[in-house]
Number of protein chains: 2
Amino acid sequence: MAKSEDTRQTLDALFHPRSIALIGATNNLGKWGGIIMANAIGNGFKGKLFPVNSRDEQIMGIRAYRKVTEIPDPVDLACIVTPAETVPALVLDCARKQIRTVLVISSNFAETGPEGQKRQDALLSVARDAGVRLVGPNSMGIFSSTRSLVLLMALVEPLKGDISFVSQSGNIGGQMLEWGKRLKAGFRHFVSSGNEADLSCRDYVEYFGRDDRCRAVMIYLESLKHPGGWMETAREVARRKPVVVFKGGKTEAGQKAARSHSGALAGVVPIFDASFRQAGLIQARTTEAFIDCARSLSRLPLPSGNRVGIITRGGGWGVVTTDACEEMGLEVPALQPKTLEALDRILPPYWSRGNPVDLVAATDIRIYLDCMEILMKDPSVDGVIALSALPGRVMSFLSRPALKERLGLDDARVRAYEASAEKAGREVLEGIVHLMRTLGKPVVLVGMYPTSGAFETLIEKEGLNLYPTPERAVRVMARLMEYGRYRRRLEAREAAWI
Amino acid sequence: MAKSEDTRQTLDALFHPRSIALIGATNNLGKWGGIIMANAIGNGFKGKLFPVNSRDEQIMGIRAYRKVTEIPDPVDLACIVTPAETVPALVLDCARKQIRTVLVISSNFAETGPEGQKRQDALLSVARDAGVRLVGPNSMGIFSSTRSLVLLMALVEPLKGDISFVSQSGNIGGQMLEWGKRLKAGFRHFVSSGNEADLSCRDYVEYFGRDDRCRAVMIYLESLKHPGGWMETAREVARRKPVVVFKGGKTEAGQKAARSHSGALAGVVPIFDASFRQAGLIQARTTEAFIDCARSLSRLPLPSGNRVGIITRGGGWGVVTTDACEEMGLEVPALQPKTLEALDRILPPYWSRGNPVDLVAATDIRIYLDCMEILMKDPSVDGVIALSALPGRVMSFLSRPALKERLGLDDARVRAYEASAEKAGREVLEGIVHLMRTLGKPVVLVGMYPTSGAFETLIEKEGLNLYPTPERAVRVMARLMEYGRYRRRLEAREAAWI
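Computed from a prediction, not measured in an experiment: that's the story for all the values here.

**Focus: a negative patch on the surface**
So, point 1. Taken together, the side chains of E252 of chain A together with E326, E327 and E331 of chain B present a region of like negative charge at the surface.
So, point 2. Structurally, E331 of chain B can be placed in the loop between helix 11 (315-327) and helix 12 (337-344).

**Describing helix 3 (residues 87-96) of chain A**
Residue and element names in this part refer to chain A.
So, point 1. Looking at helix 3, one finds that the buried residues are V87, L90, V91, D93 and C94. Buried residues of helix 3, seen end-on, are gathered within an arc of 155 degrees and therefore sit on one face of the element.
So, point 2. Residues of helix 3 that are buried sit in contact with strand 1 (19-23), strand 5 (77-80), strand 6 (101-104), helix 4 (114-130) and strand 7 (133-135).
So, point 3. Remark: Q98 follows helix 3 within two positions and exhibits a positive phi of approximately 65 degrees.

**What to know about the packing of aromatic side chains**
So, point 1. Taken as a whole and assessed by the stated rule, the structure comprises 22 aromatic pairs over all chains.
So, point 2. Both rings, one in F15 of chain B and one in Y207 of chain B, keep their centres 5.7 Å apart while their planes meet at 25 degrees; by these two values the pair is stacked. On the criterion of sequence distance, the pair formed by F15 of chain B in helix 1 (residues 3-15) and Y207 of chain B in helix 6 (residues 201-210) is long-range, its members being 192 residues apart. Each member of the pair, F15 of chain B together with Y207 of chain B, is buried.
So, point 3. Ring pairs connect the aromatic residues F165, F187, F190, Y220, F246 and F290 of chain A, which therefore count as one cluster.

**Thoughts on the pattern of salt bridges**
Residue and element names in this part refer to chain A.
So, point 1. For the coordinates displayed, the defined rule picks out 59 salt bridges over all chains.
So, point 2. Close ionic contact of K67 with D93 constitutes a salt bridge, the shortest N to O distance being 3.1 Å. On the criterion of sequence distance, the pair formed by K67 in the loop between strand 4 (62-63) and strand 5 and D93 in helix 3 is long-range, its members being 26 residues apart.
So, point 3. The class of D93 is buried, set by a relative accessible area of 7%.
So, point 4. Via salt bridges that share partners, D6, R100, R128, R133 and D198 belong to a single interconnected network.

**Observations regarding the packing of helix 3 of chain A against helix 4 of chain A**
Residue and element names in this part refer to chain A.
So, point 1. Where helix 3 meets helix 4, the axes come as close as 9 Å, and the angle between the chain directions of the two elements is 10 degrees. Between helix 3 and helix 4, the crossing angle belongs to the class labelled roughly parallel. Contacts between helix 3 and helix 4 involve V87, P88, V91, L92 and A95 from the first element and L123, V126, A127 and A130 from the second.

**With respect to the packing of helix 1 of chain B against helix 6 of chain B**
Residue and element names in this part refer to chain B.
So, point 1. Put simply, helix 1 and helix 6 touch, their axes get as near as 10 Å, and they point 80 degrees apart. It follows from the interaxial angle that helix 1 and helix 6 lie roughly perpendicular. Where helix 1 abuts helix 6, its residues T7, R8, L11, D12, L14 and F15 lie against D203, Y204, Y207 and F208.
So, point 2. Looking at the contact of helix 1 with helix 6 residue by residue, the classes come out as six nonpolar, one polar and three charged.

**Considering the sheet that holds strand 8 (residues 141-144) of chain B**
Residue and element names in this part refer to chain B.
So, point 1. The strand order 9-8-11-10-12-13-14 describes an open sheet built from seven strands, whose pairing is mixed. Among the strands making up the open sheet, the edge pair consists of strand 9 (149-152) and strand 14 (282-283).
So, point 2. In this sheet, strand 13 (residues 243-247) lies alongside strand 12 (residues 216-221) in parallel orientation, the contact comprising five bridges. Within strand 13, the position partnered with M218 by the bridge is V244.

**Here's the deal with the pairing of strand 2 (residues 48-52) of chain B**
So, point 1. Most of strand 2 of chain B sits inside the fold, with four of its five residues counted as buried.
So, point 2. Handedness of the crossover joining strand 1 (residues 19-23) of chain B and strand 2 of chain B through helix 2 (residues 32-42) of chain B: right-handed.

**Details of the relation of the copies chain B and chain A**
So, point 1. Of the transformation superimposing chain B on chain A, the axial component is 0.0 Å and the angular component is 180 degrees, with the fit at an RMSD of 0.0 Å. What we have between these two chains is a two-fold relation.
So, point 2. A shared interface surface links the copies, since 100% of the contact residues of chain B are contact residues in chain A too.

**Description of the interface of chain B and chain A**
So, point 1. Each partner contributes residues to the interface: chain B has 70 residues there, and chain A has 70 residues.
So, point 2. Carbon and sulfur atoms supply 65% of the area that chain B and chain A bury against each other, a total of about 5900 Å² over both sides.
So, point 3. Joining chain B to chain A, the criterion identifies zero salt bridges.
So, point 4. At the boundary of chain B and chain A, one finds ten residue pairs in polar contact (both at pLDDT 80 or more).
So, point 5. Residue contributions to the side of chain B that touches chain A peak at nine residues, all from helix 11 of chain B.
So, point 6. Of the residues assigned to the side of chain B that touches chain A, the class counts are 31 nonpolar, 22 polar and 17 charged.

**Quick word on the layout of surface pockets**
Over the atoms a probe the size of a water molecule is rolled, and this reveals where empty space is left.
So, point 1. Computed from the structure, the second largest pocket encloses a volume of approximately 940 Å³.
So, point 2. Contributing to the lining of the second largest pocket are 34 residues, with T286 and R475 of chain A together with T286, M328 and R475 of chain B lying nearest its centre.
So, point 3. Elements supplying a minimum of two residues to the lining of the second largest pocket: helix 10 (287-299), helix 11 (315-327) and helix 18 (470-497) of chain A together with helix 10 (287-299), helix 11 and helix 18 (470-497) of chain B.
So, point 4. In terms of residue class, the lining of the second largest pocket is made up of twelve nonpolar, four polar and 18 charged.

**A look at helix 2 of chain B**
So, point 1. Counting buried positions along helix 2 of chain B gives ten out of eleven residues, so the element sits mostly inside the fold.
So, point 2. G44 of chain B lies just past helix 2 of chain B and shows a positive phi near 75 degrees.

**Notes on the domain arrangement of chain A**
All names here are of chain A.
So, point 1. Domain parsing of chain A yields domain 1 (1-138), domain 2 (156-299) and domain 3 (301-486).
So, point 2. At the interface, 25 residues of domain 2 touch 20 residues of domain 3.
So, point 3. With both sides pooled, the region where domain 2 packs onto domain 3 buries about 1800 Å², and carbon together with sulfur makes up 52% of that total.
So, point 4. Where D292 meets R475, a salt bridge forms, and the shortest distance between an N and an O atom there is 3.7 Å.

**A word on unusual backbone geometry**
Both trends apply: most residues other than glycine have a negative phi, and most peptide bonds are in trans.
So, point 1. Here the amide bond leading from G136 of chain B into P137 of chain B is cis, since omega sits at 0 degrees, within 30 degrees of zero.
So, point 2. Looking at the element boundaries, P137 of chain B is found in the loop between strand 7 (133-135) and strand 8.
So, point 3. Cis geometry is adopted by the peptide bond preceding P356 of chain B, which originates at N355 of chain B and carries an omega value of 5 degrees.
So, point 4. Note that P356 of chain B resides in the loop between helix 12 and strand 16 (357-358).
So, point 5. At E196 of chain A, a position not held by glycine, the phi torsion is positive, near 55 degrees.
So, point 6. The residue E196 of chain A is located in the loop between strand 11 (187-192) and helix 6 (201-210) in this model.

**Focus on empty space enclosed by the protein**
So, point 1. In total, this model carries three cavities of 30 Å³ or more according to the counting rule given.
So, point 2. Considered as a void within the structure, the largest cavity measures approximately 60 Å³ in volume.
So, point 3. Classifying every residue of the lining of the largest cavity by side-chain character gives six nonpolar, three polar and no charged.

**Notes on the environment of I35 of chain B**
All names here are of chain B.
So, point 1. Residue position: I35 is located in helix 2.
So, point 2. For I35 and G316, which are 281 residues apart along the polypeptide, the C-alpha to C-alpha distance reads 49 Å.
So, point 3. I35 has contacts with L29, M153 and L155, leaving out every residue within four places of it along the chain.

**Considering the state of the cysteines**
Residue and element names in this part refer to chain B.
So, point 1. Under the criterion given, the structure shown has zero disulfides over all chains.
So, point 2. In this structure C371 is not part of a disulfide, and its nearest cysteine sulfur, from C325, lies 19 Å away.
So, point 3. With a relative accessible area of 1%, C371 lands in the buried category.

Conventions we followed
Residues numbered from 1 in each chain as written. Chains lettered and ligands numbered in written order. Predicted model: local features only at pLDDT ≥ 70, side-chain atom pairs only at ≥ 80, totals over all residues. Heavy atoms only, no water. Patch = residues over 30% accessible without salt bridge, like charges linked within 9 Å, V, L, I, M, F, W, Y side chains within 5 Å. Areas by Shrake-Rupley, 256 points an atom, 1.4 Å probe, with all protein chains shown as cover. Salt bridge = Lys/Arg side-chain N within 4 Å of Asp/Glu carboxyl O. Lys, Arg positive; Asp, Glu negative; His and termini not counted. Charge placed at Lys NZ, Arg CZ, Asp CG, Glu CD. Helix = DSSP H or I, 4+ residues; strand = E, 2+ residues; numbered from the N terminus. Buried < 20%, exposed > 50% of the residue type's maximum accessible area, 1.4 Å probe, protein only. Arc of directions from axis to C-beta. Contact = heavy atoms within 4.5 Å. Phe/Tyr/Trp six-rings, centres within 6.5 Å; stacked < 30°, edge-to-face > 60°. Axes fitted to C-alpha atoms, helices over the stretch in contact; angles between N-to-C directions. Parallel < 35°, antiparallel > 145°, perpendicular 65-115°, else oblique. Nonpolar A, V, L, I, M, F, W, Y, C, P; charged D, E, K, R; others polar. Pairing = 2+ DSSP bridges. Right-handed = clockwise from strand over helix to strand, strands pointing away. Least-squares fit on C-alpha atoms with pLDDT ≥ 70 in both. Buried area = accessible area lost by both parts, 1.4 Å probe. Polar contact = N/O pair within 3.5 Å; in protein donor to acceptor, adjacent residues only side chain to side chain. 1 Å grid on protein atoms, 1.4 Å probe; cavity = no way out; pocket = protein on both sides within 12 Å on 5 of 7 lines; lining within 4 Å. Points joined across faces, edges and corners; volume = space filled by probe spheres on them. Domains from an automatic or database assignment. Disulfide = S-S within 2.5 Å.

Quick look at the structure:
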């Protein structure tokens, strides 16, 4: 079997297992074997789970086995959570049971120094001889949306979606899954690659690249063992789908910290920067941008230029957004005369008559959407940043008891107010989704996170991007425009060859 | 009366009024006069409110007057919310009633063009002749914590605190008050300065400078009419308390947007940058940093150098935080041998033995606090960034119905788990507050925002700073260090003169 074919089968078993042996499972929630087990059960794994444990007959109500070889059914994936020195023998057990994919959570290998490196080398050698492929060791685990599988040390319930993510730090990975839940960024697959004794970051990226259901790839990267081959793979994937990379150990001090953390050399920064750019990877500069960009790139249409239209209800916000666009290399172009004329017909005579389009104090939802449509149809505009699209919390304020009485509002009236605010918000969001689809231009929203569940559902389902600050929205737009430019260059190059 | 004395009295009346005439008050919540009235009532203004309206006898259950001159009691402050053309005559009414401070919410003055400028000039001339001082016109209003007074177009309930804030954009101001509530940043006074026909940004800053209860000043600035005098004032205030400024219109495109918004020339950017620095002002580069920095500077001890100790439970987060420190010019120094020895006695043998202090998987709260104390006592460390100090949400996860049953947990057990997690979190936070006080070094926390009300209260009351991303924490630490440096330079200069 070719190595790449073997790797593909290994990763199919890792991300789509029908059955899992959890070696080191325990009822003790103070131990990782207990937490991972609870995590798998609590998130509703769609498959069979076989706890393996030398003492207990049942773990969390599920029949346990003393050894994997005693499990009567076939097993696709084993996960080991026992002390480092026990792992090699357990890997041999897995081989006997025909389990060829083993996720090693156990730590105390290469990350702890020369002794640990020796243990890891020995483990790898055992695995290779036995024909077993390893994830980790020192991995925090994996998530698979297709199997509702959370085999992780972090107690998270990731949102399901189409981002696939490999992280060389378990903690960063766990946090991103948690943030994703809050920010409506859904994941398809996640793997904490640990020490990468066998399977490496490159293998996971290649797998994500071939997975048609994966629409964006996230990589948290500290170090590379084979940078050349890795970069080729990443470049190949980035031709087809956005690849967002966050580099840990960007500075000398950060590299030193990374060395003491993973034992690996973090690499030379300027070389990374340049090669990321050449390969068409989107480099996120902050952890927040990391997930913001992956989410937007997985969901929004790509703009065909770097010209931003801004729509706002308040002058100051227009100024701040314009500054941020300019600082990040985006253009805030003058609008076409036809656009101004169309807006003149809707807005009061003293409107700003330019970009940003300041709606002044217009509160009517219809006006917002109409102006939005006119702005998005302007051929000078490649994407729109829409501020204050969602209605405020006027009505929740008015329902405060002291005020309700003074204003003579009854509950029915307050509920009616609330319902109308929610209806207005829904209309705006649905209108924006429709405009994005029909015109093929991205819209990034700025506003407070909505408290209404209805808005949250719309935002998640329709892939709308909403950020609390204009700077975050502009940064996301800048990355969309960067990747759009890369794809256009690729297409032009390909066209030139025909 | 000297002009500065007159201004002081005017602003005393603005921020501490015992009685207010709201001219243009209405029962109609679709109008600004209704929203501002509801806002004042709903937030519990500690004083008398006199609605003035030509039609209704009662507004929201309060007796209304047709003219301010008909109000029998003395009135400290008038607020006008009527169309522009009616304002001059109303100002004359105020003068007759001995009201010398008038807040003009009404718009359609200089911000709308030459016609509006004429209206504004005429209004100012009327006010000057009558001995009335104006806030605005085109102001969004004010907030005063001492009077529980929200006289604003934005429906907000700002958190009370010790930050005083003047904004040349009403929308930015309203949003900051709203963000402050979420981020536990409390305000003492806020004013949206509007078109600054009479009272200007400089007057407000000077007033805040003399107010001993104000511990930090925020300024959103788009343009200055008298930059020279303004800068002197700001410099004088910054010698005594932190002044955080956000400049709108930093770029050419942003300046253009600012012109069309406020009609004023935004000024030459490099000159602003240099003079802000010379005057000891802290310039925030993003809207988020604006409020983050003001909050931290108003509450945390100033570090005496730029060396950061980092404590973390996860290697990757240590790497990212170190990178961010390095990128923002902060040092992540080697720890002293005594510190390493003390940590050796607590942590397992394979701990990172350096800065960042990676606690590996130690989950014991006592260990976290002990390591924290050792790190803070290191003379090479001027301030600490503490990651993952708060306990995770393990227990809320375990209380999910499906899992609770499987694990055989009863409600009492789940509640006991939750209580113990909360107790642990409280111990960490209280311990950190104690260390900050006794050692005089700032600690900035990184973690998910807590969902427990007990933590939120502690964070608000004790002035702890908690951020969801390491980059935000590092940025705040960088600003604390910048202002600390400025204050040390000042003190050294003063000492040299003795």
